[in-house]
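Coordinate analysis (summary)
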Amino acid sequence: GQIVFMSDVFCKVPATTESYTLSLHDALPITESTVIAHNLTGRGTDGPALAVYTDAVLECSDGTLTDNAFAGALVQAGGALVLEESVIEGTLPGSSEGAGLGVFMSDHGLEYGAGPPTLNLQDSTVRDNEMGAVYIQGAGTYQLTGNALSGGTGLDVATGLWTHGDAVFVTA
C-alpha cells in the first residue's frame, strides 16, 4: 500500500441533467492505500465525492462535500473512513435507488473475503441530504461522536411509498 497526503484539495465535476446508471467508481476511489486529507472539497460529482474500498483508509479533516450524487462519502467492506470536523450536505438523489445520502456504509464485499467496513464520524455536520444523514447496511464498526446529524425529506421511490429521510438508518 501507499500513503498519500493531501491538503487544500478541490474536486469539481460539472453537474449534468442526464439520467445515468450509477457507477460507484465515479468517485475519488481509494483502494489499497492510506490517504490523509485536510481541507478537501468535493462538489458536483456524478457519484460519491469520496469512496473507500477494500484495504484502504481515508482520514479527512475539515472536508466539505456538497451537491454530489448518491452519497457524499461511501465506505464498503474492507475500507475505513475517518471524517472529522467536516460538512456533508445537499447530496442529490440522481437516478439510483437509495441515493441522496450523506454517508453510506455497506458490508458489500464480505462475500469476497474483505473485512468489515469501519466508519468514524466525529464533530461533523451532515444535513440537507434527501434520504438522510447516515445509512449503515450490514456488519461493520461505526462510531458517531459529537456530530450534528439531520434527516432529509425522504424520497418517493414508488407512488405513495416514501422511504428513509432519517438522521441515522441501520439495516442488516
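A brief look at the structure comes next. Keep in mind that this is a model prediction, so the values were computed, not measured.

1. Concerning the side chain of Thr-45
Relative to the elements of secondary structure, Thr-45 occurs in the loop between β5 (41-43) and β6 (50-52). Looking at Thr-45, its side chain comes within polar contact range of the side chain of Asn-68, at 2.8 Å.

2. Considering the pairing of strand β10 (residues 79-84)
In terms of strand pairing, strand β7 (residues 56-61) meets β10 through six bridges, oriented parallel. Bridge pairing in β10 places Ala-56 opposite Gly-79. In this structure, β10 lies alongside strand β13 (residues 118-122), joined through five bridges in parallel fashion. Counted as the bridge partner of Ala-80 is Thr-118 from β13.

3. Let's talk about unusual backbone geometry
Although it is not a glycine, Asp-62 sits at a positive phi angle of roughly 55°. With respect to the secondary-structure elements, Asp-62 resides in the loop between β7 and β8 (64-66). Classification of Asp-62 by relative accessible area gives partly exposed; the value is 34%. Phi at Asp-123 takes a positive value of approximately 50°, unusual for a residue other than glycine. Residue Asp-123 is classed as partly exposed on the basis of its relative accessible area, which comes to 46%.

4. Quick notes on the side chain of Thr-66
As for its position among the elements, Thr-66 is in strand β8. One polar contact links Thr-66 to Arg-43, side chain to side chain, over a distance of 3.1 Å. Among residues more than four places away in sequence, those in contact with Thr-66 are Gly-42, Arg-43, Gly-44 and Glu-89.

Rules used in this analysis
- Residues numbered from 1 in each chain as written.
- Predicted model: local features only at pLDDT ≥ 70, side-chain atom pairs only at ≥ 80, totals over all residues.
- Heavy atoms only, no water.
- Helix = DSSP H or I, 4+ residues; strand = E, 2+ residues; numbered from the N terminus.
- Polar contact = N/O pair within 3.5 Å; in protein donor to acceptor, adjacent residues only side chain to side chain.
- Pairing = 2+ DSSP bridges.
- Buried < 20%, exposed > 50% of the residue type's maximum accessible area, 1.4 Å probe, protein only.
- Contact = heavy atoms within 4.5 Å.

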